[in-house]
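Here are the chains, one letter per residue:
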Amino acid sequence: MIAPNPQVAHTVLLIIEFIGTFAFAISGIRMAAAKHFDWFGGFVCGFAVAIGGGTIRDVMLGVTPFWMTSSIYFTCTIIALLVGILFSKKLSRMENAWLITDTLGLAMFTIAGLQKTLQYDHPFWVAIVMGCITGVAGGVIRDVLLNQEPIIFQKDIYAMASVAGGLIYWLLAALGINIGITSIVTFFVICLVRYVAVRYHISLPLLRGENDE
């Protein structure tokens, strides 16, 4: 496997984290608006979903949580809140706006989790787990704050889209593909898996209890 240039990898990671933070923050703010939270509540919800997964990842990796090293993530969430306030009517009229932003955040943060874990020389199977945690844990925190069933426990394929992206990233990296191309392909794979699952109502088999017929 060809190791990517550290500076290039770091730059790509920062761009991905910023875009992912904005996308996840928008999704959290929009869902908070649907619950009629006030502006502060919307910010808390947006910030929680934007940093939740990455914070858990960094704590498990034994490093300072990413949002504590730069104010850009805090600022990004404020910008997302302002966008949510100023364009609330337009966003509310956009069908599936939440699905789009949440899927973008999932894809971006999965890639960020993969890349950061690999930077600390962990094996690829650990990177895939960390990528999944980075992508989905923020959504779990958001759903808990909104007092609703976390999306990863619902029928729609969500976390498995992240895992699929991780496996594709692993394959392309093993083939020595450029990190930029690898990231782009992984991004589209995650988005495609999520879209197909939602569009055609594809889900994993359900567990059955002893009283189920």
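With an unreviewed UniProt entry as reference, the protein is termed Glycine transporter domain-containing protein, source organism Segatella salivae DSM 15606. Turning to the protein, the UniProt annotation filed under Subcellular location (unreviewed entry) states: "Cell membrane". The record in UniProt for the protein states the following under Sequence similarities (unreviewed entry): "Belongs to the UPF0126 family."

Turning our eyes to something else, we now look at the packing of helix H6 (residues 124-145) against helix H7 (residues 159-174). Look at H6 against H7: their axes get within 9 Å of each other, and the N-to-C directions meet at 140 degrees. Crossing geometry of H6 relative to H7 is assigned as right-handed. On H7, the residues that touch Phe 124, Ile 128, Gly 131, Cys 132 and Val 136 of H6 are Ala 159, Ser 162, Val 163, Gly 166, Leu 167, Tyr 169, Trp 170 and Ala 173. Considering only residue class, the contact of H6 with H7 consists of 10 nonpolar, three polar and no charged.

Turning to the UniProt feature "domain: Glycine transporter" (unreviewed entry) in the protein, a few remarks are in order. Under the UniProt annotation, the feature "domain: Glycine transporter" (unreviewed entry) is placed at residues 15-88 and 100-173. The span residues 15-88 is 80% helical and 0% strand by assignment, and the distance between its end C-alpha atoms comes to 26 Å.

Turning our eyes to something else, we now look at the UniProt feature "transmembrane region" (unreviewed entry) in the protein. Residues given the UniProt feature "transmembrane region" (unreviewed entry) here are residues 12-32, 39-60, 66-87, 99-118, 124-145 and 179-198. The annotated region residues 39-60 carries 100% helix and 0% strand content, and the separation between its end C-alpha atoms amounts to 32 Å.

Position of Asp 102 relative to the elements: it lies in helix H5 (residues 97-119). With relative accessibility at 0%, the residue Asp 102 sits in the buried group. Those residues in contact with Asp 102 that sit more than four places away from it in its chain are Phe 24, Ser 27, Arg 142, Ile 151 and Tyr 158.

Definitions and limits used
- Residues numbered from 1 in each chain as written.
- Predicted model: local features only at pLDDT ≥ 70, side-chain atom pairs only at ≥ 80, totals over all residues.
- Heavy atoms only, no water.
- UniProt positions renumbered as here; feature names shortened; annotations may be inferred.
- Axes fitted to C-alpha atoms, helices over the stretch in contact; angles between N-to-C directions.
- Helix = DSSP H or I, 4+ residues; strand = E, 2+ residues; numbered from the N terminus.
- Left-handed = near helix turned anticlockwise from the far one by under 90°.
- Contact = heavy atoms within 4.5 Å.
- Nonpolar A, V, L, I, M, F, W, Y, C, P; charged D, E, K, R; others polar.
- Buried < 20%, exposed > 50% of the residue type's maximum accessible area, 1.4 Å probe, protein only.

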